[in-house]
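Now for the letters of each chain:
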Amino acid sequence: MTVYEEQFPGLWQGFAAVVKRDLTLAWKRPGDVLNPLFFFAMVSALFPLAVGPSQEQLQLSGPGVVWVAALLAALLSLNSLFLSDFEDGSLDQLILSPQPLPMLALAKALAHWLVAGLPLVLVSPMIAVSFQMPGQTVEVMLITLTFGTISLSMLGSIGAALTVGLHRGTALLSLLILPLAMPVLIFGARTVSLAAANDPVAAGIYFLAAYCILTLTLAPFATATALRISSE
Amino acid sequence: MAIWNFLHKMASPPHFYGLAAKIIPWFAVTGIALFVYGAIGGLFYAPPDYQQGDAFRIIYVHVPAAYLSMLAYVVMAIAAGIGLIWRIKLSHAVAASAAPLGAWFTFLALVTGSIWGRPMWGTWWEWGDPRLTSELIMLFLYFGYMALRAAIDDTAKADKASAILAMVGAVNIPIIHFSVEWWSSLHQGATLVRADGPAIETTMLYPLLAMIFGFSFLFGALLLQRVRAEVLFRERRSRWVHDLVMPAGDTQ
Amino acid sequence: MKPRQQRMLAVGLTALGVLVTVGLTLRAFQENMMFFVEISDVVQGKVPDERNFRVGGLVVNGSVTRKPGQLEVEFTLTDHESELVVAYNGILPDLFREGQGIIAHGRMGDGDKFIADEVLAKHDENYMPPEVAESLAKHKAAKEAAIAAESGTAPSD
């Protein structure tokens, strides 16, 4: 048994290696990080341009717009989650490795969040300011967006794994993931709206945290199974 | 082990194909009889409601459709799960056949609900309402499931991939339902399933129950017929389908 | 780590995750999350002036006044404790009637009047013929009268 343990690195090392590799790849290809960010900013800018600059309307629609834009931006980057690994064959290596696949799937999804989700969260206050949202909403928005984008990355990893080898991937991925992501949008946008009106927000934050933990717990298993099926 | 042998025999496509053909007429006749009884009873014999008058009669289509939209999803998710875990092909065929039926029932429930909502609530569609919204998201879940199936050419792969989606969706349905519930409440509470018995007069209740069971039997008949067609297509290269289509002695 | 240990770890982490989820959900349910504002809160001024909200209550009997030839209507809503005058300009739903529960969306106007831009009827889950409803109402009134006679207080509604 000691031989076995010496030969193969531990769980945590496999996990860390995957995260580190994906972060390095993102560093070498900054477009992967920047494109969703630009998309996020532009979609958010579309609404004031389309609806008009009325301050009252902007304040009212701000939370919803930020959430819809974040959801779409996260979705946009999900397609590539397993695609390059699939194309160069490293996905097969992941599947064949002695490491448990759900753990590696979790690492991939978390790396995706670090690359595509976290930057959205960090940029969101700028958008909140441009929508003239009241100051107390920014904090709530940061918390809800953090939980929400993690849930989206986890849910998205299931969808990305299911569609990895398919031609019409992107549109299909949205079709699969959007209905599942609607609770995140509802809880998130509603909670920020409540914060803007000085109403109690704790319930919404608890729900988002619960959903985040649930997806963190169950999604890796679904993603791992989906990866095995897709690479058959 | 006898039970396993029995189940394996049941799940064998040729056996199922023949058995379903015998069951379908019974389901169809029972379903149509209940449907006719429910329709006549609901439209002509049930008294008008004390508040809504004759308009409440749309309940005889709306409630069965909404009920079946959920039942079809449960059937689909369970069949998909069984197919994935125990690798039973017939089970996947059932899941694949249930999805379009479920989507149509969901659509019917949404349309009748909308027609009912206009005069009674004063709106065709109310985004704030939990049941309307979660039913709509259910329709989207069906769309996603069918789209994923359609996108994968290899049937065995499509079966497994869509099974995962169906199961993930099943976990999410209570969450979706609750999320929209949290956001508002306009739809009335449950009429039939309540601790103190149904809150509906018996002359109105019996036709409604007949409609629900009638719809269920018709769903069963339609589902079995769809599964038969699906099985026939999937087994198109097998011996028994060949024999079925071209009986012995009938050579080309 | 041996495969058996790995499996134990996976089961343990999953169970932990589900437990935390349940705990957080239960915690969320303890928080206040109302869809519409109660009339008593509106009357006590617990809502901001410059914002739309929903208010839910029963239409007070005999309070509905219409301006002749116009859609404008005014009625009073109650939660059995406080009352609120609502003004609305539009088509009311069929189920709108006195004694009915409704939800109005709008904002506070001048002079403690609620200006509704949408009125929705909330119908209940009971279905019965009119005669049954009448007889139920009669018996309810008789029962309440009996209780009132016993306890010596007037029925509250």
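On a predicted model such as this, the values are computed, not experimentally measured, just so you know. (Residues numbered from 1 in each chain as written. Chains lettered and ligands numbered in written order. Predicted model: local features only at pLDDT ≥ 70, side-chain atom pairs only at ≥ 80, totals over all residues. Heavy atoms only, no water.)

Some words on the confidence of the model for chain B
Residues and elements named next belong to chain B.
Okay, step 1: Averaged over all residues, the pLDDT of chain B is 82; the fraction at 70 or higher stands at 85%.
Okay, step 2: The least confident element of chain B is helix H1 (residues 2-11), whose mean pLDDT is 71; the most confident is helix H3 (residues 59-86), at 90.
Okay, step 3: Segment residues 185-195: pLDDT under 50, and 41 contacts once partners within four positions in sequence are set aside and those in other chains are kept. (pLDDT = per-residue confidence, 0-100. Helix = DSSP H or I, 4+ residues; strand = E, 2+ residues; numbered from the N terminus. Contact = heavy atoms within 4.5 Å.)

Let's talk about the layout of surface pockets
Empty pockets left among the atoms are what a rolling probe the size of a water molecule brings to light.
Okay, step 1: In this structure, the second largest pocket spans a volume of roughly 1100 Å³.
Okay, step 2: Along the walls of the second largest pocket sit 40 residues, with Thr225 and Ile229 of chain A together with Leu84, Lys160 and Ile164 of chain B positioned nearest its centre.
Okay, step 3: Of all the secondary-structure elements, those providing two or more residues to the lining of the second largest pocket are helix H8 (135-162) and helix H10 (202-230) of chain A together with H3, helix H4 (89-120), helix H6 (155-183) and helix H7 (202-234) of chain B.
Okay, step 4: With 11 residues, H10 of chain A is the largest single contributor of residues to the lining of the second largest pocket.
Okay, step 5: Here the lining of the second largest pocket is composed, by residue class, of 23 nonpolar, 7 polar and 10 charged. (1 Å grid on protein atoms, 1.4 Å probe; cavity = no way out; pocket = protein on both sides within 12 Å on 5 of 7 lines; lining within 4 Å. Points joined across faces, edges and corners; volume = space filled by probe spheres on them. Nonpolar A, V, L, I, M, F, W, Y, C, P; charged D, E, K, R; others polar.)

Considerations on the nonpolar core
Okay, step 1: In terms of nonpolar packing, the biggest core is built from 132 residues, with Leu162 of chain A together with Met76, Leu148 and Ile164 of chain B touching the most fellow members.
Okay, step 2: Leaving out residues up to four positions away in the same chain, Met76 of chain B has contacts with Ala95, Ala98, Ala99, Tyr142, Tyr145 and Ala166 of chain B.
Okay, step 3: In this structure, Phe96, Ile102, Ala104 and Ala116 of chain C belong to the second largest nonpolar core, which totals 20 residues. (Core = buried A, V, L, I, M, F, W, Y, C linked by side-chain atoms within 4.5 Å. Buried < 20%, exposed > 50% of the residue type's maximum accessible area, 1.4 Å probe, protein only.)

Points about a nonpolar patch on the surface
Residue and element names in this part refer to chain B.
Okay, step 1: Residues Ile3, Trp4, Phe6, Leu7, Val74, Ile78, Ile82, Ile85, Trp86 and Met167 make up a contiguous nonpolar surface patch of roughly 990 Å² in combined accessible area.
Okay, step 2: Top contributing element to the nonpolar patch by residue count: H3, with 5 residues.
Okay, step 3: As for its placement among the helices and strands, Leu7 is situated in helix H1.
Okay, step 4: With a relative accessible area of 42%, Leu7 lands in the partly exposed category. (Patch = residues over 30% accessible without salt bridge, like charges linked within 9 Å, V, L, I, M, F, W, Y side chains within 5 Å. Areas by Shrake-Rupley, 256 points an atom, 1.4 Å probe, with all protein chains shown as cover. Salt bridge = Lys/Arg side-chain N within 4 Å of Asp/Glu carboxyl O.)

Focus: the packing of helix H4 (residues 55-78) of chain A against helix H9 (residues 169-196) of chain A
Residue and element names in this part refer to chain A.
Okay, step 1: It is the contact of H4 with H9, at a shortest axis distance of 9 Å, that shows an interaxial angle of 150 degrees. Between H4 and H9, the interaxial angle falls into the category roughly antiparallel. Note that H4 runs across H9; the crossing there is right-handed. Along the contact surface, H4 presents Pro63, Gly64, Trp67, Val68, Leu71, Leu75 and Leu78, while H9 presents Leu173, Ser174, Ile177, Leu178, Ala181, Val184, Leu185, Gly188, Ala189, Val192 and Ser193. (Axes fitted to C-alpha atoms, helices over the stretch in contact; angles between N-to-C directions. Parallel < 35°, antiparallel > 145°, perpendicular 65-115°, else oblique. Left-handed = near helix turned anticlockwise from the far one by under 90°.)

Points about the side chain of Asp159 of chain B
Okay, step 1: Within the secondary structure, Asp159 of chain B is located in helix H6.
Okay, step 2: Classification of Asp159 of chain B by relative accessible area gives buried; the value is 5%.

Focus on the packing of aromatic side chains
Residues and elements named next belong to chain A.
Okay, step 1: This structure, assessed with the given rule, holds 9 aromatic pairs over all chains.
Okay, step 2: Centre to centre, the rings of Trp12 and Phe15 are 5.0 Å apart; their planes meet at 20 degrees, and the pair counts as stacked. With Trp12 and Phe15 both in helix H2 (residues 11-28), this residue pair falls 3 residues apart, about one helical turn.
Okay, step 3: On the accessibility criterion, Trp12 (61% relative accessible area) is exposed. (Phe/Tyr/Trp six-rings, centres within 6.5 Å; stacked < 30°, edge-to-face > 60°.)

Observations regarding the pairing of strand E4 (residues 83-89) of chain C
Residue and element names in this part refer to chain C.
Okay, step 1: Bridging between strand E3 (residues 72-78) and E4 involves 7 bridges; their strand directions are antiparallel. When the sheet's bridge partners are listed, Val73 is paired in E4 with Tyr88.
Okay, step 2: Counted along the chain from E3 to the antiparallel partner E4, the turn is 4 residues long, and its residue His80 has a positive phi close to 70 degrees.
Okay, step 3: Relative to strand E6 (residues 113-121), E4 runs parallel, the two being bridged by 4 bridges. What sits directly across from Ala87, in E6, is Ile115. (Pairing = 2+ DSSP bridges.)

Observations concerning the pairing of strand E5 (residues 101-108) of chain C
Residue and element names in this part refer to chain C.
Okay, step 1: With 7 of 8 residues buried, E5 is to be regarded as a mostly interior element.
Okay, step 2: Direction of pairing for strand E1 (residues 53-59) relative to E5: antiparallel, over a ladder of 6 bridges. Along E5, the bridge assignment pairs Gly56 with Ile103.
Okay, step 3: In the sheet, E5 pairs with E6 via 7 bridges, with the strands oriented antiparallel. Residue Ile103 lies in a different strand from E6, and its bridge partner there is Leu120.

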